[in-house]
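# Secondary and tertiary structure notes
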Amino acid sequence: MKDYPDRDPRFLPALIETIERNNAQGFAIPAGFDHVTTAKLHRLRPNWTLEMILHCRLAVPVHLAKAAGCTLVSLEPQFAVAEDIPVMHAAGLSVLTTVTSVAHGRELHEMGVDFFENDDVDLARAALEACVDA
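Every value quoted in this text rests on a predicted model; they were computed, and no experiment measured them.

Our next topic: the pairing of strand β3 (residues 72-75). What you see with β3 is no split at all: L72 and S74 on one side and V73 and L75 on the other are buried throughout. Pairing analysis gives four bridges linking strand β2 (residues 51-54) to β3, with the strands arranged parallel. Paired with M52 across the bridge in β3 is V73. Following the chain from β2 across helix α3 (residues 61-67) to the adjacent parallel β3, one finds a crossover that is right-handed.

Here it is in structure tokens:
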């Protein structure tokens, strides 16, 4: 959900209608940079899985994620820090980040990151295969 720079959540009814019309509630995961908008969507659809996107390392990411109604936290790769992952897991949060190399994929796997992604499908596949073979 990209509502920057206006931060005007008037698009939420259309988003909800589109997801529900397509029966996508079980697999579409709305993700947002603006956590106030994400929290508003959570109030409208409290049973949906929501993703909070962070572009920095927060002192208290768990509180922010819970306040926005999110169960998935997306971190920039440089902010996926091993000591933070167990804290997020203990709070019931899943963690996603971008994998940058096969070696990085192994590191993320060892840290306990739940999901990784990359626009380069071959890289993502190779990193996943390295984790499965480990």
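Past the structure itself, the notes keep going.
Between side chains of opposite charge, a pair can form when the charged atoms approach closely. All told, the structure shown has five salt bridges when counted by the stated rule. A salt bridge links D84 to R57; the nearest nitrogen and oxygen atoms lie 2.7 Å apart. Of this pair, D84 sits in helix α4 (residues 84-90) while R57 is found in the loop between β2 and α3, placing the two residues 27 residues apart along the sequence. Among the residues examined, R57 registers a relative accessible area of 40% and is labelled partly exposed. Salt bridges sharing partners connect three or more residues here, namely R57, E83 and D84.

This next bit is on the packing of helix α5 (residues 102-111) against helix α6 (residues 121-133). Two elements in contact, α5 and α6, have axes whose closest approach is 8 Å; the angle formed by their N-to-C orientations is 50°. By the angle class used here, α5 and α6 are oblique. Crossing of α5 against α6: the hand is right-handed. Across the interface between the two elements, V102, G105, R106 and H109 from α5 touch L123, A126, A127, A130 and C131 from α6. For the contact of α5 with α6, the per-class residue count stands at six nonpolar, two polar and one charged.

What follows covers the side chain of H104. Tracing the sequence through the fold places H104 in helix α5. Relative accessible area serves as the criterion here: at 11%, H104 is assigned to the buried category. Apart from residues lying up to four places away in sequence, H104 is in contact with P77, T98 and V99.

Right, let's talk about empty space enclosed by the protein for a bit. Evaluated as defined, the whole model comprises one cavity of 30 Å³ or more. One number sums up the size of the largest cavity: a volume of about 40 Å³. In terms of lining, the largest cavity is formed by L54, C56, R57, L58, P61, L75, F79, D84 and M88. Residues belonging to the lining of the largest cavity are distributed by class as follows: seven nonpolar, no polar and two charged.

All right, on to the packing of helix α1 (residues 12-21) against helix α2 (residues 35-44) then. With their axes 11 Å apart at the nearest point, α1 and α2 run at an angle of 50° to one another. Regarding the angle of α1 to α2, the classification is oblique. The way α1 lies across α2 gives a crossing that is right-handed. For the pair α1 and α2, contact is made by L12, L15 and I16 and by T37, K40, L41 and L44, respectively. Partitioning the contact of α1 with α2 into residue classes produces five nonpolar, one polar and one charged.

The rules behind these values
- Residues numbered from 1 in each chain as written.
- Predicted model: local features only at pLDDT ≥ 70, side-chain atom pairs only at ≥ 80, totals over all residues.
- Heavy atoms only, no water.
- Buried < 20%, exposed > 50% of the residue type's maximum accessible area, 1.4 Å probe, protein only.
- Helix = DSSP H or I, 4+ residues; strand = E, 2+ residues; numbered from the N terminus.
- Pairing = 2+ DSSP bridges.
- Right-handed = clockwise from strand over helix to strand, strands pointing away.
- Salt bridge = Lys/Arg side-chain N within 4 Å of Asp/Glu carboxyl O.
- Axes fitted to C-alpha atoms, helices over the stretch in contact; angles between N-to-C directions.
- Parallel < 35°, antiparallel > 145°, perpendicular 65-115°, else oblique.
- Left-handed = near helix turned anticlockwise from the far one by under 90°.
- Contact = heavy atoms within 4.5 Å.
- Nonpolar A, V, L, I, M, F, W, Y, C, P; charged D, E, K, R; others polar.
- 1 Å grid on protein atoms, 1.4 Å probe; cavity = no way out; pocket = protein on both sides within 12 Å on 5 of 7 lines; lining within 4 Å.
- Points joined across faces, edges and corners; volume = space filled by probe spheres on them.

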